[in-house]
Amino acid sequence: AIHTASNYEFFFENTPALECPYIAVPSITSPAHNAFTNDNTPYIDWTSVSNSGGYDFNLKNSAYTNIVEVSTVNSNFTSNSLSDGTYYWKVRSYGALGCFPGEWSTQWAFTVDTSAPSIPSLTSPSNGSTTSDRTPTFDWSASSGSPTQYQLLVDDSSSFSSPVVNQTVNSPQTQYTPTSNLAYDAYYWKVRAKDEAGNWSNYSSYRTVTVELTC
C-alpha cells in the first residue's frame, strides 16, 4: 500500500520474519584442557554443529589479551607461531545472516613449552669406580624445568648402540636399580630428562663403572 502525507510516500511490504534455527554449542576437543605441548603452531579442533554457517574462534594469552579473533567455516584452526606460555580459547557457531550466533563454548587452556629441562648431573656410582654389586643403583640429581621422566642408558660400549639397561623412571624418582644381574664387565652410563610437553634434554656426559668379581 502507498500512503501520501506531506508530499512523502511510504511503502510497506509484508516481509516474512527470518526464522533462525537453533545453533548448538560446539564441543572443543583438542588440545586437551590444561595440556602441555611443544608444538608452537598447535592444531586446535572442535566438533562441527548442525545448521552452522561457520565459527567464531577466540584465543587469548596469559595476560588475557586477544591473540586471535577469527571467523572460519572450518571446525579447526592452526595457529601461527606462539611464544611459550599459557593460552585460553573458546569457540561459538553462527547461522544465517541476521541470526544471532550461538553461545560460546566452555573455555579451555593449553600451555606451549618448547624449552627442555636441564641436563641431569650424575652422582653415583662415581666415575671410574669398581663394584662387586651386580645390581648397582644408578643415581643422579633432579633436573630443573619441571621434568616428568628420566631415561637411563647403561651399555658396555660408549656408543650406547645396544644398552643392557634402557629404563625410564617417573619424576621425582632420580635413581634406578637393575632388576637382573649385570655381567662382569665395564659399563658406560648416562641420563636425560623429559618434561610434560615432551621436550627431552640432551644426555649427560657418560660415566664408567666396572662390575667385577672380588675374592
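Everything below is about the structure shown above.
Note that the structure is predicted; figures quoted are calculated from it, not measured.

Before we move on, could you go through the environment of S146 and cite the residues and values that matter?
When you line up the elements, S146 lands in the loop between β13 (138–140) and β14 (147–155). Placed 47 residues apart in sequence, S146 and A193 show a C-alpha to C-alpha distance of 9.5 Å.

Would you mind going over the nonpolar core in detail, with residue names and values included?
Core analysis: the biggest nonpolar cluster contains 16 residues, and F138, W140, L152, V154, W189 and V191 have the highest contact counts within it. For this core, the leading source of residues is strand β17 (residues 185–195), giving four residues. Of all hydrophobic cores here, the second largest spans 15 residues; its members include V49, Y87, F110 and V112.

Summarise the sheet that holds strand β6 (residues 54–61); cite the residues concerned and give the values.
Taken in spatial order, the five strands make up an open sheet running β4-β10-β9-β6-β7, and their pairing is mixed. Either end of the sheet is taken by a strand with one partner, and the two such strands are β4 (35–37) and β7 (66–72). Direction aside, neighbouring strands of the sheet carry axes that sit 25° apart on average. Relative to strand β10 (residues 108–112), β4 runs parallel, the two being bridged by three bridges. The residue bridging A35 from the neighbouring strand is F110, located in β10.

Which residues make up the pattern of salt bridges, and what values do they have?
This structure, assessed with the given rule, holds one salt bridge. Across the pair D56 and R92 runs a salt bridge, and its minimum N-O distance is 3.0 Å. One end of the pair, D56, is in strand β6; the other, R92, is in strand β9 (residues 85–94), and 36 residues separate them in sequence. Residue classification places R92 among the partly exposed residues on the basis of a relative accessible area of 23%.

Now, about the pairing of strand β5 (residues 43–46): what can you tell me, with residues and values included?
On β5, burial follows the alternation: I44 and W46 on one face are buried, whereas Y43 and D45 on the facing-out side are not. With two bridges connecting them, strand β3 (residues 28–30) and β5 associate as antiparallel partners. Along β5, the bridge assignment pairs I28 with W46. In this sheet, strand β8 (residues 76–78) lies alongside β5 in antiparallel orientation, the contact comprising three bridges. When the sheet's bridge partners are listed, Y43 is paired in β8 with T78.

So what about the sheet that holds β5? Which residues, and what values?
Backbone-to-backbone hydrogen bonds join strands into a sheet, with any given pair of strands oriented parallel or antiparallel. Judged by pairing direction, the sheet is antiparallel, and its three strands sit side by side in the order β3-β5-β8 without closing on themselves. Each edge of the open sheet is held by one strand with a lone partner, namely β3 and β8. Shown here is a sheet whose adjacent strand axes are inclined to one another by a mean of 20°, direction ignored.

Before we move on, could you go through the pairing of β6 and cite the residues and values that matter?
With eight of its eight residues buried, β6 lies for the most part within the structure. The two faces of β6 match: G54, D56, N58 and K60 on one face and Y55, F57, L59 and N61 on the other face are all buried. As paired strands, β6 and β9 are joined by eight bridges and run antiparallel to one another. Looking at the pairing, N58 lines up with K90 of β9. In this structure, β6 lies alongside β7, joined through six bridges in antiparallel fashion. Along β7, the bridge assignment pairs K60 with N66. A loop of four residues connects β6 with β7, the two strands running antiparallel in sequence, and Y64 in this loop sits at a positive phi of about 65°.

So, the side chain of S79: which residues are in play, and what are the values?
With respect to the helices and strands, S79 occurs in the loop between β8 and β9. Given the relative accessible area of 5%, S79 is considered buried. Filtering out sequence-adjacent residues up to four positions away, S79 remains in contact with T41, P42 and L59.

Cut-offs and rules
Residues numbered from 1 in each chain as written. Predicted model: local features only at pLDDT ≥ 70, side-chain atom pairs only at ≥ 80, totals over all residues. Heavy atoms only, no water. Helix = DSSP H or I, 4+ residues; strand = E, 2+ residues; numbered from the N terminus. Core = buried A, V, L, I, M, F, W, Y, C linked by side-chain atoms within 4.5 Å. Buried < 20%, exposed > 50% of the residue type's maximum accessible area, 1.4 Å probe, protein only. Pairing = 2+ DSSP bridges. Axes fitted to C-alpha atoms, helices over the stretch in contact; angles between N-to-C directions. Salt bridge = Lys/Arg side-chain N within 4 Å of Asp/Glu carboxyl O. Contact = heavy atoms within 4.5 Å.

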